[in-house]
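Structural features, examined
Here is what each chain is made of, one letter per residue.
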Amino acid sequence: MDKKWWQKEVIYQIYPKSFYDSNNDGIGDIRGITEKLDYLETLGITMVWICPIYQSPMADNGYDISDYYQLNPEFGQMADLEELIEKAKGKGIKIVLDLVINHTSDEHPWFKDLLANPASSKYRDFYVLKPGKEGKPPTNWRSVFGGSVWEPLQDTGEYYFHSFGVKQPDLNWENSEVREELYKMINYWLEKGIAGFRVDAITFIKKDQTFEDLPADGVDGLVKCTKKTRNQPGIETFLHELNERTFSKYDCVTIGEAPGVPYDQFGDYVGENGYFSMIFDFKYADLDVASGSEWFKRVDWDVLDLKKLLFTSQKELQKNGWGANFLENHDQNRSISKYIKEEENRHYYSGTMLGAMFFNLRGTPFIYQGQELGMTNDKRESIDEFDDISSIDQYYRSINEGFSEEEALHFINLRSRDNSRTPFHWNAGENGGFSNVKPWLGMNENYKTINVQQQELEPHSILKFYKEMIKVRQTSECLIYGVIEPLMESHPTIIAYKRRYNKEEAVCYFNFSNESQAIELENGSYRVLLTNYKVKDQSIDAASFMLRPYQALILQKKEESCHEQI
Ligand code: GLC
Ligand code: CA
C-alpha cells in the first residue's frame, strides 16, 4: 500500500457535549473546543474528530439529525465552526466531522412530512415502510436500542423501520433520490474545508429485502436485527457509489464505523480502492460481553483472549489495508475500568501501559477525550441517573431476562455509554472546570484527583506520558508505517510485538500484570524509545530484561544490529 497522509495523523475524539462549556449553560460547545485548542496543540494531536453537532432533538445525543445543514444551537452557530476550522488549521490541526446517513431524526422535515401525510407524502419512499402482519409488526427483529425495529406509522396499519431508537427512522438507501440528497450534503461539508468524516453505522444501510422472521433469541420473542440488517449482500453497490460520488473527489480521510464486516471483506472496505481510508474493528472492544448489544451476557476473559483478538485484527488489516486503532470511544466503557482488574489498578502505570499498547499498533491511533488522563467508569446508584438510551434499554432487558434490579444496575454500570460521556476534567474546581453551572450529565467525582491541571503539575502523569508517546511516534517512521509482527504470542500476561520498516526495528512490550516478568530480547543493542518507568540506562545490551508491573517498554534496535529485510 502506498503511503497516505492520514496514516501519520494522531486523532483526538471529542464528545462536544462534554468537552468544555464556553457559555455556562451546562453543555459543552464548539467555542469550548476553540478555547481549548492550545491544550490539544500541546498534547501533540494533529486531527480532531467531533461527534455530531448538527441540528437534533438529541434523543441519541446528536446521532438523530433533524437538519444536516444546520448546527444544533446548543453547540453554536456556523460562524463558530468556521472559526474553529480556521484556528485549528493555524495550529496544524484538521477537523473531521461525524456523518450519520443510515437514519435521520423523526423530527427531520422529510419524516415530519411523512407523518403529516402518510398516504401521499412525497417522502414515503425516503424511509423503510411495510404493512403489518395481522396486526403485528412486519418482522420479529429487535432494534439495537431495544424493542421491535418497527414502529406504527400513525394508524395506517403500516410500520416504519428503525435499526436504532424509535426516534431514528432508517433512510431507504434503495431509493436513488435519498442517495442523491445525501451525496449533495456530504459534498457541501467537504467543500467547507473539513478534512473528512467518521462515518456512522455505515454497515446498516442495506437491509435484507426478503424481510423474513427469524427464530427468537430472547424472552421478548424478538431476534437481534443485525443478521438481516448489517453488512448485507448488495451493500457493496451502495458503498462503491457513495465513495465514487463524494469521498473520492476530495483528498479526504474517511473512517468507517463498520461492525459486522468479516475479515475476508476487509480488502473491499479498506484496500487500495476501498470504500474508506480506514475502519474501526470492534471485535476486541467487546471482549467483556457476549456481544456489544447484550451487556447482561458477561464474559470472563484473560490477556490471551485480548491478544488473540487484537493480533487477528492487526494481521487482517495488514493484509488488506489500514486500520483505526482505538482504546475508548463514546460508546464504550473506560479502558482502565474494562481492561485492568480493580484490585490491581495502579492508575498511572495501568493507564500508560494500556495507552502505549494500543497507540503503537499498526494503524492510525485515536485518543478519546479523557483517556489521556486515565478517566474511569462512573458508578450510578439508580437507573434514573442514566442519560444514555442504550443503558436504559439494557437495564429493562436484563430484568426481563430474569436478573434482579441490582444485577441489572451492575451490568449497566460496567458497560454504560455514560461512562465515557461524563464531562471532561479540566481542574479540581467546581464541576471540574467544565462549566460554572451543573453539567448536563453528572460528573465523575474523581475529577478532584484526576484532572488536567493536576497532571500537568505532577512529575509523572498519564497526560505527560501521552504527550511524550505522541512525540515519539511523530519522529519514528517505523512506528507509523512499520509492519507488525506479534511476539511472545503464548505468554499469559505480556502483549508484545515488533514493528519493522526498511532497516528500522522497534520492539514493544507491555506487562498486563502486577508482577515483574522477564522478556527475552533478540541479539543486538537497543535504545529506549518510550517507557513508563524511570530508566537508568537509555541503552540495553542484555539478552533478557525484567519488565516491572504494568510496564510499557518500547525499544529501538540500533541500526548496526538490524538485519536488512525485504
Ligand atoms: C453509532 C454511534 C452511536 C450511535 C449509533 C446510532 O454506533 O457511535 O453513538 O448511538 O451509531 O447512530
Ligand atoms: Ca454551552
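Thresholds applied
- Residues numbered from 1 in each chain as written.
- Chains lettered and ligands numbered in written order.
- Predicted model: local features only at pLDDT ≥ 70, side-chain atom pairs only at ≥ 80, totals over all residues.
- Heavy atoms only, no water.
- Helix = DSSP H or I, 4+ residues; strand = E, 2+ residues; numbered from the N terminus.
- Rg over C-alpha atoms; globule rule 2.2 N^0.38 Å.
- Buried < 20%, exposed > 50% of the residue type's maximum accessible area, 1.4 Å probe, protein only.
- Contact = heavy atoms within 4.5 Å.
- Areas by Shrake-Rupley, 256 points an atom, 1.4 Å probe, with all protein chains shown as cover.
- Lys, Arg positive; Asp, Glu negative; His and termini not counted.
- Charge placed at Lys NZ, Arg CZ, Asp CG, Glu CD.
- Near = heavy atom within 4 Å.
- Polar contact = N/O pair within 3.5 Å; in protein donor to acceptor, adjacent residues only side chain to side chain.
- Nonpolar A, V, L, I, M, F, W, Y, C, P; charged D, E, K, R; others polar.
- Pairing = 2+ DSSP bridges.
- Axes fitted to C-alpha atoms, helices over the stretch in contact; angles between N-to-C directions.
- Left-handed = near helix turned anticlockwise from the far one by under 90°.
- Salt bridge = Lys/Arg side-chain N within 4 Å of Asp/Glu carboxyl O.
- Donors = N, O, S within 2.8 Å, 3.2 Å for Na, K, Ca; no water.
- Expected span 1.5 Å × (residues − 1).
- Domains from an automatic or database assignment.
- Buried area = accessible area lost by both parts, 1.4 Å probe.
- Arc of directions from axis to C-beta.
- Phe/Tyr/Trp six-rings, centres within 6.5 Å; stacked < 30°, edge-to-face > 60°.
- Lys NZ or Arg CZ within 6 Å of the ring centre and 35° of its normal.

**Section: the overall build of the protein chain**
Assigned secondary structure in the protein chain consists of 16 helices and 25 strands. Relative to the 2.2 N^0.38 estimate, which gives 24 Å for 566 residues, the radius of gyration of the protein chain is 24 Å and therefore close to what a compact globule would have. Structurally, the protein chain occupies a C-alpha span of about 80 × 55 × 50 Å along its principal axes. In the protein chain, buried positions account for 61% of the 566 residues. The contacts of the protein chain with a sequence gap of at least 6 include a subset with a gap of at least 24, amounting to 71%. Counting every atom, the protein chain has about 22,100 Å² of accessible surface; 47% of that belongs to carbon and sulfur. Within the protein chain, one finds 64 positive and 89 negative side-chain charges whose respective centroids are separated by 4 Å.

**Focus on the site of ligand 1**
The immediate surroundings of ligand 1 are formed by Asp60, Tyr63, His103, Phe145, Phe164, Arg198, Asp200, Glu257, His330, Asp331, Arg417 and Arg421. Contact between ligand 1 and Asp200: an oxygen atom at 2.8 Å from a side-chain N or O atom of the residue. One of the side-chain nitrogen or oxygen atoms of Arg417 is found 3.0 Å away from an oxygen atom of ligand 1. Coverage of ligand 1 by the protein chains reaches 95% of its 300 Å² of free accessible surface. Looking at the shell around ligand 1, its residues break down into three nonpolar, two polar and seven charged.

**Section: the sheet that holds strand β13 (residues 278-280)**
Spatially, β13-β12-β10-β5-β2-β1-β17-β16 is the arrangement adopted by the eight strands of the open sheet, whose pairing is parallel. The open sheet terminates on both sides in strands that have one partner only, identified here as β13 and β16 (324-325).

**Examining the side chain of Ser148**
By the element assignment, Ser148 lies in the loop between β7 (141-142) and β8 (150-152). Of the polar contacts made by the side chain of Ser148, one reaches the backbone nitrogen of Trp150; its length is 2.8 Å. Once you skip the residues sitting within four places of it in the chain, Ser148 turns out to touch Pro137, Trp141, Ser143, His162 and Leu222.

**Focus: the packing of helix α12 (residues 389-400) against helix α13 (residues 405-415)**
Two elements in contact, α12 and α13, have axes whose closest approach is 9 Å; the angle formed by their N-to-C orientations is 145 degrees. As α12 runs across α13, the sense of the crossing is right-handed. When α12 is examined against α13, the residues Ser391, Gln394, Tyr395, Ser398 and Ile399 are found in contact with a partner set consisting of Glu405, Ala408, Leu409, Phe411 and Ile412. Across the contact of α12 with α13, the residue classes tally to six nonpolar, three polar and one charged.

**Considerations on the pattern of salt bridges**
Evaluated as defined, the whole model comprises 45 salt bridges. Put simply, Asp60 and Arg417 hold a salt bridge, and the shortest N to O gap is 3.0 Å. Of the two residues, Asp60 sits in the loop between β3 (54-55) and β4 (67-71) while Arg417 sits in the loop between α13 and α14 (452-457), which places them 357 residues apart along the sequence. Residues Asp60 and Arg417 agree in their burial class; the two are buried. With a shortest N-O distance of 2.8 Å, Arg124 and Glu158 are connected by a salt bridge. Pair noted here: Arg124 is in the loop between α4 (109-116) and β6 (129-131) and Glu158 is in strand β9 (residues 158-161), with a separation of 34 residues, a long-range link. Through salt bridges with shared partners, one network takes in Asp60, Asp331, Asp388, Arg417 and Arg421.

**Details of the pairing of strand β20 (residues 504-511)**
Judged by how many residues are buried, β20 sits mostly within the fold: seven of eight residues are covered. For strand β19 (residues 494-501) and β20, the ladder comprises eight bridges, and the chain directions are antiparallel. Bridged to Ile495 within β20 is Phe510. Counted along the chain from β19 to the antiparallel partner β20, the turn is two residues long, and its residue Asn502 has a positive phi close to 50 degrees.

**Comments concerning the coordination of the calcium ion (ligand 2)**
Around the calcium ion (ligand 2), the protein supplies Asp21 (OD), Asn23 (OD1), Asp25 (OD), Ile27 (O) and Asp29 (OD) as donor atoms, at distances of 2.2 to 2.4 Å. Asp29 sits in the buried class, given a relative accessible area of 4%.

**Some remarks on helix α5 (residues 176-191)**
The terminal C-alpha atoms of α5 lie 22 Å apart, and with 16 residues this matches the ideal 22 Å at 1.5 Å per residue to within 8%. All of the buried residues along α5 are Val178, Arg179, Leu182, Tyr183, Met185, Ile186, Asn187, Trp189 and Leu190. Buried residues belonging to α5 abut β3, β4, α3 (78-90), β5 (94-99), β10 (196-199) and α7 (235-245). Its side-chain oxygen 2.9 Å from the backbone nitrogen of Glu177, Asn175 forms the N-cap of α5. Looking one or two residues past α5, Gly193 carries a phi angle of roughly 100 degrees, positive in sign.

**Quick notes on the domain arrangement of the protein chain**
Here the protein chain is partitioned into domain 1 (9-104 + 176-470), domain 2 (109-161) and domain 3 (482-557). Computed from C-alpha coordinates alone, the two centres of domain 1 and domain 3 are separated by 30 Å. Between domain 1 and domain 3, the residue contacts involve 26 residues of the former and 31 residues of the latter. Summed over both sides, the interface of domain 1 with domain 3 buries roughly 2,500 Å², with 66% coming from carbon and sulfur. Looking at the side of domain 1 facing domain 3, the largest losses of area belong to Lys307, Phe311 and Met353, adding up to 24% of the total buried there.

**Some words on α7**
Every α-helix winds through 3.6 residues per turn, so residues three or four apart in the chain are directed the same way. Residues of α7 that are buried: Ile235, Phe238, Leu239, Leu242 and Asn243. Projection of α7 onto a plane perpendicular to its axis shows the buried side chains occupying an angular sector of 130 degrees, all on one side. Its buried side turned inward, α7 meets α5 and α8 (266-270).

**Things to note about unusual backbone geometry**
Note on backbone geometry: most residues besides glycine have negative phi, and most peptide bonds are trans. Backbone geometry at Asn24 places phi at a positive 50 degrees, although glycine is not the residue there. Position of Asn24 among the secondary structure elements: in the loop between β1 (11-14) and α1 (30-35).

**Some details on the packing of aromatic side chains**
Evaluated as defined, the whole model comprises 45 aromatic pairs. On the basis of an interplanar angle of 75 degrees and a centroid distance of 5.2 Å, the ring pair of Trp150 and Phe161 is categorised as edge-to-face. Remark: Phe161 occurs in strand β9 and Trp150 occurs in strand β8; sequence separation between them is 11 residues. As far as the burial class goes, Trp150 and Phe161 line up, both buried. Taken together through their ring pairs, the aromatic side chains of Trp49, Phe280, Phe282, Tyr284, Trp301, Phe326, Tyr339, Phe358 and Phe366 make up a single cluster. Above the ring of Tyr263, the side-chain terminus of Lys283 is found at 4.1 Å from the ring centroid. Its guanidinium or amino end placed over the ring of Phe386, Arg380 lies 5.6 Å from that ring's centre, counting from NZ or CZ.

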